[in-house]
Amino acid sequence: MTIFKSKKDLNNHLKPLRNKGVIIGLVPTMGALHQGHLSLVNKAVNNTDVVVVTIFVNPTQFDNKVDLEKYPQTLKEDVKLLQIISEDILVFAPTKEDIYDGEVVSKSFQFDGLDKVMEGEFRKGHFDGVATIVDLLFDAVKPNKAYFGEKDFQQLQIIKKLVAQNWPTLEIIPCEILREENGLAMSSRNERLSAPTRKAASFIYKTLKTAKSMFGTKNAIVVTDWVKQQFAENEKFTLEYFQIADIDTLTPIQQKQSGIKYRGFIAVFAEDVRLIDNIALNY
Ligand code: PAF
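First, a word on scope: everything that follows refers to the structure included in this document.

Cut-off values and rules
- Residues numbered from 1 in each chain as written.
- Predicted model: local features only at pLDDT ≥ 70, side-chain atom pairs only at ≥ 80, totals over all residues.
- Heavy atoms only, no water.
- Helix = DSSP H or I, 4+ residues; strand = E, 2+ residues; numbered from the N terminus.
- Rg over C-alpha atoms; globule rule 2.2 N^0.38 Å.
- Buried < 20%, exposed > 50% of the residue type's maximum accessible area, 1.4 Å probe, protein only.
- Contact = heavy atoms within 4.5 Å.
- Areas by Shrake-Rupley, 256 points an atom, 1.4 Å probe, with all protein chains shown as cover.
- Lys, Arg positive; Asp, Glu negative; His and termini not counted.
- Charge placed at Lys NZ, Arg CZ, Asp CG, Glu CD.
- Pairing = 2+ DSSP bridges.
- Right-handed = clockwise from strand over helix to strand, strands pointing away.
- Axes fitted to C-alpha atoms, helices over the stretch in contact; angles between N-to-C directions.
- Core = buried A, V, L, I, M, F, W, Y, C linked by side-chain atoms within 4.5 Å.

What to know about the overall build of the protein chain
In terms of regular secondary structure, the protein chain is built from 11 helices and nine strands. Taken against the 2.2 N^0.38 rule, which gives 19 Å for 283 residues, the C-alpha radius of gyration of the protein chain at 19 Å falls within 12% of a compact globule. Referenced to the eigenvectors of the C-alpha coordinate spread, the extents of the protein chain come out at roughly 55 × 40 × 35 Å. A buried classification covers 52% of the 283 residues belonging to the protein chain. Of all intrachain contacts in the protein chain linking residues separated by at least 6 positions in sequence, the fraction that spans at least 24 positions is 72%. Counting every atom, the protein chain has about 13600 Å² of accessible surface; 50% of that belongs to carbon and sulfur. Computed over 36 positive and 36 negative side-chain charges, the inter-centroid distance for the protein chain is 2 Å.

With respect to the pairing of strand S3 (residues 50-55)
Of all six residues in S3, six are buried; the element is thus mostly enclosed. Residues Val50, Val52 and Thr54 of S3 are buried on one face, and the alternating residues Val51, Val53 and Ile55, pointing to the opposite face, are buried as well. Across six bridges, strand S2 (residues 24-29) lies against S3 in parallel orientation. The residue bridging Thr29 from the neighbouring strand is Ile55, located in S3. A crossover links S2 with its parallel partner S3, the connecting element being helix H2 (residues 35-47), and its sense is right-handed.

Overview of the pairing of S2
Where burial is concerned, most of S2 is hidden: six out of the six residues are buried. Across the two faces of S2 the burial is the same, with Ile24, Leu26 and Pro28 and Gly25, Val27 and Thr29 all buried. The pairing of S2 with strand S5 (residues 145-149) spans two bridges and is parallel. Bridge pairing links Leu26 to Ala146 in S5.

Some details on unusual backbone geometry
Positive phi, normally seen in glycine, also occurs at Asp112, with a value near 55°. Counting through the fold element by element, Asp112 comes out in the loop between helix H5 (96-99) and helix H6 (119-122). Taking relative accessible area as the criterion, Asp112 reaches 58% and is therefore assigned exposed. One non-glycine residue with positive phi stands out, namely Leu250, at about 60°. Along the polypeptide, Leu250 turns up in the loop between strand S7 (237-246) and strand S8 (262-270). When its relative accessible area of 0% is taken as the criterion, Leu250 is described as buried.

Digging into the sheet that holds S8
Strand order in this open sheet of three strands is S7-S8-S9, and the pairing throughout is antiparallel. Every interior strand has two partners, whereas the edge strands, S7 and strand S9 (273-280), have only one. Across this sheet, the average inter-strand angle for adjacent strands is 15°, counted without regard to direction. Direction of pairing for S8 relative to S9: antiparallel, over a ladder of eight bridges. When the sheet's bridge partners are listed, Val268 is paired in S9 with Leu275. Strands S7 and S8 of the sheet are contacted by helix H11 (residues 220-232), whose axis makes an angle of about 165° with S7.

Thoughts on the nonpolar core
Among the nonpolar cores identified, the biggest contains 46 residues, and Leu14, Phe138 and Ile172 are the most heavily contacted of them. Per-element tally for this core: the top contributor is helix H7 (residues 126-141), with nine residues. Beyond its immediate sequence surroundings of up to four residues, Leu14 is in contact with Ile24, Val50, Val52, Leu90 and Val141. In this structure, Leu184, Ala201, Ile244 and Ile266 belong to the second largest nonpolar core, which totals 26 residues.

Describing the sheet that holds S5
Strand order in the open sheet formed by six strands is S1-S4-S3-S2-S5-S6, and the pairing between neighbours is parallel. Looking at the sheet topology across the chains shown, the edges are occupied by strand S1 (2-4) and strand S6 (171-175). Each strand axis lies, on average, 25° off the axis of its neighbour in the sheet, ignoring direction. Two strands pair when backbone bridges link them, and S3 and strand S4 (residues 90-92) are joined in this way by three bridges, in the parallel orientation. When the bridges of S4 are listed, Val53 appears paired with Val91. Against the sheet, H2 contacts S2, S3, S5 and S6, and its axis sits at roughly 155° relative to S5. Against the sheet, H7 touches S2, S3, S4, S5 and S6, its axis set at about 150° to S2.

Dropping the structure here:
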């Protein structure tokens, strides 16, 4: 397994491969790898010639200093997990000075409002930080395909927009949400939950599934109010938002329209851990 710490070393390795027409797959991560990440890596390994997994905890996408400080950094363990999949995977774990060329700041992007709702509303500057680092990683790796999980569905839509603007030949491969046995969406943050809360967090997906079945017959406001009520009655979890939105514009809806795909998006605090999840409601 080769670990690159600088863009220069990575590029020296990848350049001759690119020139030979090798198909490069990129899986960007912030490390603390779990089965959800590994399913993306497996997909990339099966569908491309060379896979680069980036491991970088990106400071510019954190609106909360404590959250950044608490973010697990487990490079050694991550590498061991990747080795089980394939010794040929390339790991890119740059320093922040290297990847940002010394100036660790976000650029500002135009995403037609996709970045202003939900996560964008509650985590100011988050998506400028995500788009900045993803753009830098695309530039460092120049992949043919890049793999992103649907757990961060809003992020996925924003990255598709970034790709349409800056990386026209890059193919984005969306990957389904992987869940723990009790339905909790896999996330590095789950490790920070106490065992009883992690178990009780099945409540989040259970509520989303019921919202989905209600959405067949009830309007969006009724479903949204019902979800809010469920969380108001549950002392273990604090709802930050639940929103039903058109998957393309991410605009919250009042009235369903035929031919449009909708998802329900949720952010919840459990203990001091912020969890997000989402579910397709009519497809
Ligand atoms: O989804 C994540 O883990 C991060 O937002 C990403 C895409 C690796 C950028 O830091």
